[in-house]
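Descriptive analysis of the structure
Here is how the chains run, residue by residue.
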Amino acid sequence: MSIGLDAVAPDAIASVDAIADEGLSPFLTVRPRLFGVAYRMVGSVAEAEDIVQEVWVRWQTTDRSRVRNAAAFLVTATRRLAINVLQSGRGSRGTYVIP
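Read on for an overview of the structure. (Residues numbered from 1 in each chain as written. Predicted model: local features only at pLDDT ≥ 70, side-chain atom pairs only at ≥ 80, totals over all residues. Heavy atoms only, no water.)

**Focus: the packing of helix α2 (residues 45-60) against helix α3 (residues 70-88)**
One can describe the packing of α2 onto α3 by two numbers: an axis separation of 9 Å at closest approach and a directional angle of 130°. Classed by the angle they form, the pair α2 and α3 counts as oblique. Considering how the two elements wind past one another, α2 and α3 form a crossing that is right-handed. Across from Glu-47, Ile-51, Glu-54, Val-55, Arg-58 and Trp-59 in α2, the residues of α3 making contact are Ala-70, Phe-73, Leu-74, Ala-77, Thr-78, Leu-81, Ala-82 and Val-85. In terms of residue class, the contact of α2 with α3 is built from 10 nonpolar, 1 polar and 3 charged. (Axes fitted to C-alpha atoms, helices over the stretch in contact; angles between N-to-C directions. Helix = DSSP H or I, 4+ residues; strand = E, 2+ residues; numbered from the N terminus. Parallel < 35°, antiparallel > 145°, perpendicular 65-115°, else oblique. Left-handed = near helix turned anticlockwise from the far one by under 90°. Contact = heavy atoms within 4.5 Å. Nonpolar A, V, L, I, M, F, W, Y, C, P; charged D, E, K, R; others polar.)

**Some thoughts on the nonpolar core**
Ranked by size, the top nonpolar core spans 18 residues in total, and within it Phe-27, Leu-34, Val-42, Ile-51, Val-55, Trp-59 and Leu-74 carry the most contacts. Elements represented by at least two residues in this core include exactly α1 (10-42), α2 and α3. The residues contacting Leu-34, other than those within four sequence positions of it, are Phe-27, Val-52, Val-55, Leu-74, Val-75 and Thr-78. (Core = buried A, V, L, I, M, F, W, Y, C linked by side-chain atoms within 4.5 Å. Buried < 20%, exposed > 50% of the residue type's maximum accessible area, 1.4 Å probe, protein only.)

**Thoughts on the pattern of salt bridges**
Two side chains bearing opposite charge may form a pair once their charged atoms approach each other closely. Going through the model one piece at a time under the given rule, you end up with 2 salt bridges. Measuring nitrogen to oxygen at the nearest pair gives 2.8 Å for the salt bridge that ties Arg-31 to Glu-49. Taken together, the residues Arg-31 in helix α1 and Glu-49 in helix α2 connect sequence positions 18 residues apart. When its relative accessible area of 27% is taken as the criterion, Arg-31 is described as partly exposed. In this structure Glu-49 comes out as partly exposed when scored by relative accessible area, which is 32%. (Salt bridge = Lys/Arg side-chain N within 4 Å of Asp/Glu carboxyl O.)

Here it is as structure tokens:
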């Protein structure tokens, strides 16, 4: 049983859109930087994109009224997630053995 968007009040959808739009501009401004940080740390385009996507999700759930500097918050979150990826062994950074 699925509920379509027509079952959701239009003002609720508008409210969610407004919240997403509020955080979109700061995120898009620093997104290339976030990708660069993640890529340099993990060494994989796919992993870097995953990290940036996770930062976006976390940014959407963050109380942005408490964030003084959006760029600093986003870069810090990116670095910490990249460190987590490296510590978990998912990162592709490593040594290549030539046969």
